[in-house]
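For reference, the chains in residue letters:
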Amino acid sequence: MAVDSILSSSSPLGPPAHDKDAKALQFIEEMTRNVDAVQERVLSEILSRNAETEYLRRFKLYGATDRDTFKSRIPIVTYEDLQPEIQRIANGDRSPILSAHPVSEFLTSSGTSAGERKLMPTIHEELDRRQQLYSLLMPVMNLYVPDLDKGKGLYFLFVKAESKTPGGLLARPVLTSYYKSEHFKTRPHDAFNVYTSPNEAILCADSFQSMYTQMLCGLIMREEVLRVGAVFASGLLRAIRFLQLNWKNLANDISTGILNPKVTDPSVRECVTKILTPNPELAEFITKECSEENWEGIITRIWPNTKYLDVIVTGAMAQYIPTLDYYSRGLPMACTMYASSECYFGLNLRPMCKPSEVSYTIMPNMAYFEFMPHDPTAPPLSRDSPPRLVDLADVEVGREYELVITTYAGLCRYRVGDILLVTGFHNSAPQFSFVRRKNVLLSIDSDKTDEAELQKGVDNASILLKEFNTSVIEYTSYADTATIPGHYVIFWELLVKDPSNSPTDEVLNRCCLAMEESMNSVYRQGRVADNSIGPLEIRVVRNGTFEELMDYAISRGASINQYKAPRCVSFSPILELLDARVVSKHLSPAAPHWTPERRR
């Protein structure tokens, strides 16, 4: 049978580019044609296997597996609702609390609770489910980009700090879990998925050694590189900044064939030494390109055969698109999949579309999905009148929803906090664009800071102003991504009651650090361990600035009765107004405290 006849001739995906892709594309077609039936089966499987768990028994499900009973008896919950159960598991309780299958580890979410990462319980088989979604990405990409088997991918991938709960379970980010799994380490050879980075470099816990050797291997194999990527856009820009700071040492290694002594990890040295041979000509080329002040198009200058960038540029990462355009001379940016610590959701079936047009097709076999209609102007619902959730097959194009999931690992009707917009359908499967994280104000990398955390930071920093009889009368913020790494900027308007005793520069610098110490652990890890976030900056504006800001908003149609100062701004005219009123700038003088160990 011809390969293209395996798929329906009317298939929106089109015929497979290669024989080996046919099965994957057929699976996508089957899943998206029968969305409601698949979802019904998934819910039945989850409820059947977890019927005897403490959680489902509490709500008197009595083994029922139908949707109506499930929806009538199981409440919609947040992380805070489940925290007592999760803490019991973390403390060592091995009884079937949320899941009938043993919890194998916790995946740490970048969302936070009381300053700590959330702990998401997972089970061993979820690795298989995630691996299945990964296996669909290249067959889809091959429909749009030819000959990806003729070269390699330069991906900057890293493991992050992990800890153990009091009960002895590992707690680590979902990608660290995946990279350290046998699914990744012993993955079968696939010509379409060959990386320049050795596993040893990816798995090296020292971020400098890992980045240095991944960049070195990428430079050595520059002619073979067909795609350049990282998980987030911010990560790829951090790699470019690393090259700016370290190209001389990298060029020297390539010229001499001797690896920098700063790379001390024995397994990394061993594998990279096998790749590294003296190449003065390549070293000279790198020196010529990197010594120029103009770094426009540096990605395509150094890796001339790159066809696209593989990075997430949706949501908060959209702020990095102009900078990536500058460094790549406008290469396409592929956002291939949509996932979180709680669950992997789906993939982009048009990965080479413009970033503004990215939509993800949720694969109905990954979990049971429900959607809470999202209307930011509506009053909040009480517990006595819970919202009516919509099933995956019943969402409406053009409407926004908050995602709610029920997973094989035991999360039931859990609010993920992602706001999604329905953009269309692939077969009967809806497609969603990611709008934003609910309530998130600031984000540079994987950090997410909400209004309450920002307020707490301002309150704690303000304590340092009391001895000067000074207070913060108004503030706002924005994520400054013009620098690499990006950093938080907080605009303060101060009330100084005694100008002869106003706060000194040193005190205001310490206020920056006090704010950083108040931030969640994900932010502090980005500052201390990952170097993915720069020092926080406070810009003091002259008195009356926020009144001018209100006047400007009212001139654009805001109601004077309902106006309140925005806690985060991104609109260029407002930023220009604020920056024009700055009287002093202050940076955090040190890194905040952070340790990979979880707070007890």
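The structure displayed is predicted, hence computed values, not measured ones. (Residues numbered from 1 in each chain as written. Predicted model: local features only at pLDDT ≥ 70, side-chain atom pairs only at ≥ 80, totals over all residues. Heavy atoms only, no water.)

What about the sheet that holds strand β6 (residues 225-232)?
Rules: Note: two strands are recorded as paired if DSSP finds a minimum of 2 bridges between them. Only DSSP runs of H or I covering at least 4 residues are called helices, and only runs of E covering at least 2 are called strands; the numbering of each starts at the N terminus. Working rule for contacts: check all heavy atoms of both residues, and any pair within 4.5 Å makes them a contact. Axis definition: a line fitted to C-alpha atoms, over the contacting stretch in the case of helices. Angles run 0 to 180 degrees between N-to-C directions.
Sheet architecture is open: 4 strands sit in the order β3-β6-β7-β8, paired in parallel fashion. If you trace the sheet from one side to the other, it starts and ends with β3 (152-156) and β8 (333-334), each paired once. In this sheet, β8 lies alongside strand β7 (residues 308-312) in parallel orientation, the contact comprising 2 bridges. What sits directly across from L309, in β8, is M333. Those strands touched by helix α11 (residues 233-256) are β3, β6 and β7, and its axis lies near 120 degrees from that of β6.

Some details on the packing of helix α1 (residues 22-33) against helix α2 (residues 35-49)
Threshold: Here roughly perpendicular refers to angles of 65 to 115 degrees, roughly parallel to angles under 35, roughly antiparallel to angles over 145, and oblique to all remaining angles.
Running from N to C, α1 and α2 cross one another at 85 degrees; their axes reach a closest spacing of 5 Å. The angle between α1 and α2 places the two elements in the roughly perpendicular class. Touching M31, T32 and R33 of α1 are V35, V38 and R41, all from α2.

Some details on unusual backbone geometry
Negative phi values dominate among residues other than glycine, just as trans dominates among peptide bonds. Where we set the bar: Exposed residues in this analysis have more than 50% of their type's maximum accessible area, buried residues have under 20%, and partly exposed residues fall in between, with area computed by a 1.4 Å probe over protein chains only.
For the peptide bond that leads from I484 to P485, omega is -5 degrees, which places it in the cis range. If you check the backbone angles, R329 has positive phi at about 55 degrees while not being a glycine. Mapped onto the secondary structure, R329 falls in the loop between α15 (321-328) and β8. We classify R329 as exposed; its relative accessible area is 53%.

Considering the sheet that holds strand β20 (residues 487-496)
Strand pairing within a sheet occurs via backbone hydrogen bonds; the two strands may be parallel or antiparallel. Read from one edge of the open sheet, 4 strands run β19-β20-β21-β22, paired in mixed fashion. Among the strands making up the open sheet, the edge pair consists of β19 (470-480) and β22 (582-587). Going from strand to strand, the sheet's axes swing by 25 degrees on average, the running direction of each strand aside. The strands touched by helix α16 (residues 451-462) are β19 and β20; relative to β19, the strand with the most contacts, the crossing angle is about 135 degrees.

Topic: the nonpolar core
The condition that has to hold: Nonpolar core, defined: a set of buried Ala, Val, Leu, Ile, Met, Phe, Trp, Tyr and Cys residues in which side-chain atoms within 4.5 Å join the residues together.
With 167 residues, the main nonpolar core has L243, F369, F371, W492 and M515 as its most contacted residues. Per-element tally for this core: the top contributor is α11, with 11 residues. Within the second largest apolar cluster, 12 residues are counted, among which are A565, V569, L575 and L578.

Details of the packing of helix α10 (residues 207-220) against helix α12 (residues 266-275)
Convention followed: Should the near helix be turned anticlockwise from the far one by less than a right angle, the crossing is left-handed, and should it be turned clockwise, the crossing is right-handed. As a working rule, the residues Ala, Val, Leu, Ile, Met, Phe, Trp, Tyr, Cys and Pro are called nonpolar, Asp, Glu, Lys and Arg charged, and the rest polar, with Gly in that last group.
Between α10 and α12, the shortest axis-to-axis distance is 11 Å and the interhelical angle comes to 15 degrees. Taken as axis vectors, α10 and α12 run roughly parallel relative to one another. Crossing handedness for the pair α10 and α12: left-handed. Facing α10, whose interface residues are T213, L216, C217 and I220, α12 presents V268, V272 and I275. Across the contact of α10 with α12, the residue classes break down as 6 nonpolar, 1 polar and no charged.

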